[in-house]
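The residues making up each chain are set out below.
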Amino acid sequence: MKLNIFYILSGIFLLIGCQQKEVLSREGFLSVSGIEIQTQTNTEVASRSTDDIIWTVELWKGNEMLRTLSAEDIQDKIELDVADDYVLKVYSPNYGVEKKWTNEEKGEPVYYKEVPFVVNQGETTGLKVQVPMITFAVSLDLSEVLGDWLQEYSFAVTSGERSISLQNGETAYFPHSEGISFSYQLSMTNSDSEVNVLNGEWGKMDDETVNINTMYTVVYNWSTQSLSLEK
């Protein structure tokens, strides 16, 4: 009888061990090696150090948010069930404010990125996330004409329902949406009291696209006495 009990207990312990191994075999790991700002299309965009941004990092599986990852979580391997529908969502603390900007606000860079990933059995999935600016920017460069010749000027850039006044060297940021465009107007008074009004736009033509993560610089060209757009 004692021998039978021994075999029964041994079988139970063996079964438990096998079940534990099966559970472990259905798991893998996530390792986030770093989060950094993606390089802007135009390097004149005011850059921000990654150290200046306290990123919000959300771990999603399908349509369910599992949890928000802390800085300590990111430094360690994160144990997860095997699955192919994970998403890491990373964004700056000001994400969402771009929808509320007024004409009195020039805006600021806003960052957001979604990274789908897969967790395989017994493997570590490594991610290094580059987060783009999801807004676009327009700046003004009058460096060729500032001085004695240019006495007074006013400049405004308009996109959607916002119209922002800029001085030389200033930048306005705008929320992005599909098919968006922007226009701009420069009114100048020279030393002879002559007034000249110049207009331009971008995004209206089929071969023009306003992109996220991009700085558009409006420049006055002295040789042609006209405005040009650099990006």
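Residues numbered from 1 in each chain as written. Predicted model: local features only at pLDDT ≥ 70, side-chain atom pairs only at ≥ 80, totals over all residues. Heavy atoms only, no water.

Asker: Before we move on, can you summarise the overall build of the chain with the specific residues and values?
Answerer: What the chain contains, in helices and strands, is two helices and 15 strands. A fraction of 65% describes how many contacts in the chain between residues 6 or more apart in sequence connect residues 24 or more apart. Split by element, the accessible area of the chain, about 13,800 Å² in all, is 48% carbon and sulfur. (Helix = DSSP H or I, 4+ residues; strand = E, 2+ residues; numbered from the N terminus. Contact = heavy atoms within 4.5 Å. Areas by Shrake-Rupley, 256 points an atom, 1.4 Å probe, with all protein chains shown as cover.)

Asker: Give a description of the pattern of salt bridges that names residues and reports values.
Answerer: Taken as a whole and judged by the stated rule, the model has three salt bridges. As a salt-bridge pair, Asp 73 and Arg 67 come within 3.5 Å of each other at their nearest N and O atoms. With relative accessibility at 34%, the residue Arg 67 sits in the partly exposed group. (Salt bridge = Lys/Arg side-chain N within 4 Å of Asp/Glu carboxyl O. Buried < 20%, exposed > 50% of the residue type's maximum accessible area, 1.4 Å probe, protein only.)

Asker: Quick one: what's the story with the sheet that holds strand E12 (residues 182–190), residue by residue and with numbers?
Answerer: Taken together, four strands build an open sheet; the order of strands is E10-E9-E12-E13 and the sheet is antiparallel. Of all the strands in the sheet, just strand E10 (162–165) and strand E13 (195–202) have a single pairing partner and so form its edges. Taken over all neighbouring pairs, the strand axes of this sheet differ in orientation by 15° on average, direction set aside. (Pairing = 2+ DSSP bridges. Axes fitted to C-alpha atoms, helices over the stretch in contact; angles between N-to-C directions.)

Asker: Report on the side chain of Glu 58, specifying residues and quantitative values.
Answerer: Examined against the element boundaries, Glu 58 turns out to sit in strand E2 (residues 56–61). Salt bridges are absent for the buried Glu 58, whose nearest opposite-charge side chain, Lys 89, sits at 5.3 Å. Only 2.9 Å separates the side chain of Glu 58 from the side chain of Trp 60, close enough to count as a polar contact. At 2.6 Å, the side chain of Glu 58 and the side chain of Tyr 91 are in polar contact. (Lys, Arg positive; Asp, Glu negative; His and termini not counted. Polar contact = N/O pair within 3.5 Å; in protein donor to acceptor, adjacent residues only side chain to side chain.)

Asker: Quick rundown of the nonpolar core? Include the residues and the values.
Answerer: Judged by nonpolar contacts, the single largest core of 29 residues is most densely connected at Leu 30, Ile 35, Trp 55, Leu 88 and Phe 117. Of all the elements in the fold, those that place two or more residues in this core are strand E1 (27–37), E2, strand E4 (78–81), strand E5 (83–91), strand E6 (112–119) and strand E7 (124–131). Contacts of Leu 88, omitting those with residues within four sequence positions, involve Leu 30, Val 32, Val 57, Glu 58, Leu 59, Leu 69, Lys 113, Glu 114, Val 115, Phe 117, Leu 127 and Val 129. One finds Phe 136, Ile 164, Tyr 184 and Leu 198 within the second-largest nonpolar core, a separate group that totals 24 residues. (Core = buried A, V, L, I, M, F, W, Y, C linked by side-chain atoms within 4.5 Å.)

Asker: Describe the sheet that holds strand E14 (residues 215–221), naming the residues involved and giving the relevant values.
Answerer: Strands sit in the order E11-E8-E14-E15 across an open sheet of four strands; the sheet is mixed. Lying at the two open borders of the sheet, with one neighbouring strand each, are strand E11 (171–175) and strand E15 (226–230). Geometrically, the sheet is characterised by an average inter-axis angle of 20° between neighbouring strands, direction not taken into account. Here strand E8 (residues 135–141) runs beside E11; their pairing, made up of five bridges, is antiparallel. Note that in E11 the partner of Ala 137 across the bridge is Tyr 173.

Asker: Break down the environment of Glu 123 for me, citing the residues and quoting the values.
Answerer: On the secondary structure map, Glu 123 appears in the loop between E6 and E7. For the pair Glu 123 and Phe 29, spaced 94 residues apart in sequence, the C-alpha to C-alpha distance is 6.2 Å. Ignoring any residue separated from it by four or fewer positions in sequence, one finds Glu 123 in contact with Gly 28 and Phe 29.

Asker: Now, about the packing of aromatic side chains: what can you tell me, with residues and values included?
Answerer: Going through the model one piece at a time under the given rule, you end up with eleven aromatic pairs. Centre to centre, the rings of Phe 136 and Tyr 216 are 6.4 Å apart; their planes meet at 85°, and the pair counts as edge-to-face. Of the two residues, Phe 136 is situated in strand E8 and Tyr 216 in strand E14; the sequence distance between them amounts to 80 residues. Exposure class is identical for Phe 136 and Tyr 216. Each is buried. Seen in terms of ring centroids, Phe 182 and Tyr 184 are 6.2 Å apart; in terms of plane orientation they differ by 35°. Their pairing is tilted. Among the aromatic residues, those joined into a cluster by ring pairs are Phe 136, Phe 155, Phe 174, Phe 182, Tyr 184 and Tyr 216. Over the ring of Phe 29 we find Lys 77; its NZ or CZ atom is 6.0 Å from the centre of that ring. Sitting over the face of the ring of Trp 60, Lys 89 holds its NZ or CZ atom 3.7 Å from the ring centroid. (Phe/Tyr/Trp six-rings, centres within 6.5 Å; stacked < 30°, edge-to-face > 60°. Lys NZ or Arg CZ within 6 Å of the ring centre and 35° of its normal.)

Asker: Which residues make up the confidence of the model for the chain, and what are the values?
Answerer: The share of residues in the chain with pLDDT of 70 or more is 84%, and the mean pLDDT across the chain is 85. Residue range residues 1–25 is modelled with pLDDT below 50. Its contacts to residues more than four positions away, or to other chains, number two contacts. With pLDDT under 50 throughout, residues 43–49 is counted as low confidence; its partners more than four residues away or in other chains account for 13 contacts. (pLDDT = per-residue confidence, 0-100.)

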